[in-house]
Amino acid sequence: MAVPALAQTVTVPGQSTTATYMDYMKTVYARAAGSDMIQIGLTAFDKDFNLTPIAAESWSQSADGLTWTFKIRPELNWSDGEPLTAEDFVFALQHAATTGYDFAWYWSFAGGIKNWDDVTAGKADVSTLGLKAVDDKTLEVTTTAPKPYLPSVVSLWYPVPKHQFDKFGEEWSTNVETIVSSGPWVVKEWVKSNNTVTLAKNPDYKGPWTPEIDEVVLDSSLGLPEVGVPAFLAGDVDMTSLNTGQVAMMRQRYADQIHTNPVFSTNYISFDLDKAPFDNVDVRKALYYAINRDELTSTVLKDIAIPAHSILPPGFPGYSENVAKQAVFNPEKAKELLAKAGYPDGKGFPDIEIWFREEGGYNGAILPPMAQYLQSQFKQILGITMNIKVMPGKDWMEGMLARKNNIYLAPYEYDYLDPSNFYGLFYNGGRHSYHIAAYDDLVKQADSAPTWDERVKLYEQAEQVMIDQGLIVPLTHPITMNVVSEKLGGDAMTPNKQGFYPNWSGYVYTHLTKN
Amino acid sequence: MIVYLIKRLLSVAVTFFIVSLVIFLMMHAVPGGPFTEKDMPLSEAVKAQLNARLGLDQPLWVQYTNYMVGVLQGNWGVPYQSPGETVISLLQQAWIPSLILGGSGVIIGAALGILIGMAAALRRNSWIDYLASTLSVLGLTIPVFVISMLLILIFAVWLNWLPASGWGKPERWILPIAAYAAIPLATYARYTRSAMLDTLNRPFVTALRAKGLSERRIIFQHVLRNSAIPMVTVFLPMFMGTATGSIFVEAMFRIPGLGSYFVSSIENRDYPLEMALVLMFTIGICFAYLISDIAYAWLNPRIRLGDDAK
């Protein structure tokens, strides 16, 4: 008699704090855990950051660079048996443009989809969007300007099951019974009161990246390392992130099971360029040179971050050594610049208050000690008194948009793997409500330039404008440390070419085994 | 007594409306809204469309009136952070773990606290008295998340007797109940000890002893009853506070209870859930005090309620 194989279940911390919609195209920041695993994106990145065709088997760009044609794999279906069509992809973005609630900027800035802004502003009908289902398996996208990196952008384009939406409306994605999936996982259980989602292998999935394990439990109550580590020690969970205090102890006990993951994220100081004293470029640049980033990351932050010398993290496409080498610690130059601005040794400099937002996750351990370090450095080197204010996320964002303060500590994590993602933050009033014409011009050119080399050169020039004008002070790039059960194996558990382990996302869960 | 009850119920209703109005106004005075995003700003058009869908584009007084009319009809709205269900169904699910764990924690903690307090009062200045004082000082001073952490380390990680955290099987309940019991135990041990000592020194106890009553009858029938008033005062409000869940205990033990919603509803500007939590807590506290007051009269017939008091 054959013994049935034991179901392999992997339990990991989830990162969702709300249980709104399990639909990435409805909300990204407040999505339920698993939203991006149950649906199939057009493309995806593997652990070496190679762009891989997923729902799209191929794509091509028109001669004028404005129109893209994606061919969808003919064998793909929804988990209820309905065929997955180009129409489901078109509907997904129409839905995001009209009732989606937080990612419109992405499809406008990164996607550059024709008429996007007019449709989200309610000035044009949704049918005028640059999207077309040519036939069941052919999808056409038109952009306002050439977007050479569109295939990377569409890695976050997941289909929405129009047939379910027509039947159940918005609420199709709030309920396990009405959720259907197009990807490698189906929802088995969703406990909303602690945002825990159990996903099971989709038996009917025919696309690439098929899971080897049977189930994944994304348990958001394990999100805090303070809870995750005891649960890991007691054998209740297969992986947990670590906070600074836990690293040393866990390294001793589980030396071979500690994985370092890169986070393509940058923490930087941002200013209100119209408010004294930061309306003076020399003041801003004084701060740029007054920070010993190596000391900050190796002592205060105990290696949970690496120094940031540019807005792009090392290893991110487009990262430039020419840019990075300028962000040095030079206290003499910093003092000189401050004196030049009229504040020798900080005399007469008004007290300032840096605002940062409360965060969970990796930045929760980084931002508070970093703010204190900056406070002491600025006092010591420049004679400036800087107070610190921690704020809830919403209040911080609201404060920054309404320009209620003059200096902010801002974190940003990438959304797609192209330099335009980071440079877009400062483009035309993007995140910081300022317009620097020289910068905007260069970024705009870089975004549409036909070759990669040209693009990188233009982005480099754009960042030079940022440095010359002291727009931001790059501080740190977080890295995360996880401890992983020795039972886990597979391709996802071996490091990539740069020596980092892949981040826990769609790739990992489909390239994971458990003994 | 009936008149007294009616008056008290009316005052509960008035309190309910005052609290609802104050919280509603405060909630909307806090900057930001349910859709002010943390990472990237929303376009004005999108925000307007979302606000219109939730009725947040109407003047405040209209929103308040609509909300209260709904509440009086039993419709508490839909939580923004879980749009697939109603506030009531969300609270119904989340209430159970909090009530089971927090409620048992208070009852067990209070019962043990009374026993320890009695033992301490009856054996004054003995080792048991010192132990009781140490326990109650520790219980009141060590933060509950540290107690939780220690319980997990000792019983789940080192001894491996119990699961570290999670909800479901009853063996997972033991550690969080122990954590919840710490404060009631400490509080009750102290209250009982001092109330008992106070009563034991009163002349009527000497009189009872002179009458030749057994020590057991004196303690259980007379001293304990006479010492009970301060204990009753603390019990129900403490029960309300604990049975609605502690954000720390629930986070440490991964309990899908109410506790975290008190914070997340404010953080996410989840107005319907925030209102519901505050209003239900208000009603709970009002009734806790009403029941305590009635219990006083029962425990001590010299206490008269309402007009009878004149």
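The numbers attached to residues start from 1 for each chain and follow its sequence in the written order. Labels are handed out in written order, letters beginning with A for the chains and numbers beginning with 1 for the ligands. Residue-level local features of this predicted model are given only where pLDDT is at least 70; pairs of side-chain atoms are given and counted only at 80 or more, and the full residue set underlies all totals for whole chains, interfaces and linings. As a convention, hydrogens and water are excluded, and side-chain values are obtained from all of the structure's heavy atoms.

## Overview of the overall build of chain A
What counts, and what does not: Every helix listed is a DSSP run of H or I at least four residues long, and every strand listed is a run of E at least two residues long, numbered separately from the N terminus. Taken over C-alpha atoms, the radius of gyration is set against a globule rule of 2.2 Å times the number of residues to the power 0.38. Note on contacts: a residue pair is in contact if any heavy atoms of the two residues lie within 4.5 Å. Every accessible area reported is derived by Shrake-Rupley at a probe size of 1.4 Å, with residue values counting cover from the shown protein chains alone. His is not counted, nor are the chain ends, whereas Lys and Arg count as positive and Asp and Glu as negative. In plain terms, the charge of a residue is placed at NZ if it is Lys, CZ if Arg, CG if Asp and CD if Glu.
Each helix and strand in chain A was counted, giving 18 helices and 20 strands. For 515 residues, the compact-globule estimate of 2.2 N^0.38 gives 24 Å, and the C-alpha radius of gyration of chain A, at 24 Å, lies within 12% of that figure. Counting only contacts in chain A whose residues sit at least 6 apart along the sequence, the fraction spanning at least 24 positions is 69%. Looking at chain A as shown, the accessible area adds up to about 19,100 Å², and 49% of this sits on carbon and sulfur atoms. When the 41 positive and 62 negative side-chain charges of chain A are each reduced to one mean point, those points stand 3 Å apart.

## Some thoughts on the sheet that holds strand β1 (residues 9-13) of chain A
All names here are of chain A. Going by this rule: Think of it this way: DSSP has to see at least two bridges between two strands before they count as a pair. Axis lines are fitted to C-alpha atoms, over the contacting stretch for helices. Their N-to-C directions set the angle, which ranges from 0 to 180 degrees.
The mixed open sheet is built from four strands, whose spatial order is β1-β10-β9-β8. Every other strand in the sheet has two partners, leaving β1 and β8 (185-191) as the edge strands with one partner each. Mean inter-strand twist for the sheet, computed between neighbouring axes without regard to direction, equals 20°.

## Side note on the sheet that holds strand β4 (residues 56-61) of chain A
Residues and elements named next belong to chain A. Judged by pairing direction, the sheet is antiparallel, and its four strands sit side by side in the order β4-β5-β7-β6 without closing on themselves. Strands with a single pairing partner mark the edges of an open sheet, and in this sheet they are β4 and β6 (131-135). Ignoring which end each strand starts from, the neighbouring axes of this sheet average 20° apart. Relative to strand β7 (residues 138-142), strand β5 (residues 67-72) is paired through five bridges, and the arrangement is antiparallel. Note on β7: the bridge partner recorded for T69 is E140.

## Some details on the UniProt feature "domain: ABC transmembrane type-1" (unreviewed entry) in chain B
Which entries qualify depends on this criterion: UniProt positions are given in the numbering used here, feature names are shortened, and annotations may be inferred rather than shown by experiment.
UniProt tags residues 95-292 of chain B as "domain: ABC transmembrane type-1" (unreviewed entry). Taken as a whole, residues 95-292 of chain B contains 81% helix and 0% strand, while its terminal C-alpha atoms sit 23 Å from one another.

## As for the interface of chain A and chain B
Note on interface size: it is often stated as the accessible area lost on association of the parts. Going by this rule: A 1.4 Å probe defines the accessible area here, and the buried area is the portion of it lost by two parts on being joined, summed over both. Should a side-chain nitrogen of Lys or Arg be within 4 Å of a carboxyl oxygen of Asp or Glu, the pair is scored as a salt bridge. Polar contacts, as used here, are pairs of N or O atoms within 3.5 Å; protein pairs need one atom able to donate a hydrogen and one able to accept it. Residues neighboring in sequence count only if both atoms are side-chain atoms.
The interface is formed by 44 residues belonging to chain A together with 39 residues belonging to chain B. Taken together, the two surfaces of chain A and chain B that pack against each other cover about 3,700 Å², and 58% of this comes from carbon and sulfur. Where chain A meets chain B, there are two salt bridges. Between R254 of chain B and D219 of chain A there is a salt bridge; the shortest N-O distance is 2.4 Å. Along the contact surface separating chain A from chain B lie four residue pairs in polar contact (both at pLDDT 80 or more). Of all the secondary structure elements, the ones that give two or more residues to the side of chain A that touches chain B are α2 (86-99), α7 (225-233) and α14 (393-401) of chain A.

## Notes on the packing of helix α6 (residues 144-158) of chain B against helix α7 (residues 174-200) of chain B
All names here are of chain B. Cut-off, in case you're wondering: Handedness of a crossing follows from how the near helix is turned relative to the far one, being left-handed for an anticlockwise turn of less than a right angle and right-handed for a clockwise one. Throughout, the ten residues Ala, Val, Leu, Ile, Met, Phe, Trp, Tyr, Cys and Pro are labelled nonpolar, Asp, Glu, Lys and Arg are labelled charged, and all others, Gly among them, are labelled polar.
Here α6 crosses α7 at 145°, and the two axes come no closer than 9 Å. Between α6 and α7 lies a crossing whose hand is right-handed. For the pair α6 and α7, contact is made by V144, I147, S148, L151, I152 and F155 and by L175, A178, A179 and A182, respectively. Class assignment of the residues belonging to the contact of α6 with α7 gives a composition of nine nonpolar, one polar and no charged.

## Some remarks on the packing of aromatic side chains
All names here are of chain A. Stated precisely, the cut-off is as follows: Two aromatic rings, drawn from Phe, Tyr or Trp (for Trp, its six-membered ring), form a pair once their centres lie within 6.5 Å of each other, and the interplanar angle then sorts them: stacked below 30 degrees, edge-to-face above 60, tilted otherwise. Exposure classes here rest on a 1.4 Å probe applied to the protein chains alone. A residue is buried below 20% of its type maximum, exposed above 50%, and partly exposed in between. Charge-over-ring placement is defined geometrically: NZ (Lys) or CZ (Arg) within 6 Å of the ring centre, and within 35 degrees of the ring normal.
Going through the model one piece at a time under the given rule, you end up with 34 aromatic pairs over all chains. Ring centres of Y268 and F426 lie 5.5 Å apart, and the angle between their planes is 65°; on these two criteria the pair is classed as edge-to-face. With a gap of 158 residues between them, Y268 in strand β13 (residues 265-271) and F426 in the loop between α15 (419-423) and α16 (437-448) connect regions that are remote in the sequence. F426 carries the same exposure label as Y268, and that label is buried. Measuring from centroid to centroid gives 5.0 Å for Y423 and Y459, while their planes differ by 10°, and the two rings are stacked. In this pair, Y423 sits in helix α15 while Y459 sits in helix α17 (residues 452-468), placing the two residues 36 residues apart along the sequence. One exposure class covers both Y423 and Y459, and it is buried. Taken together through their ring pairs, the aromatic side chains of F49, F264, F316, Y412, Y414 and F422 make up a single cluster. Sitting over the face of the ring of Y21, K26 holds its NZ or CZ atom 5.2 Å from the ring centroid. The ring of W355 has K389 sitting right over it, with the charged end atom 4.7 Å from the ring centre.

## Some thoughts on the domain arrangement of chain B
Defined as follows: Domain segmentation is taken from an automatic or database assignment of domains.
In terms of domain boundaries, chain B breaks down into domain 1 (2-72) and domain 2 (91-267). A straight line from the C-alpha centre of domain 1 of chain B to that of domain 2 of chain B covers 36 Å.

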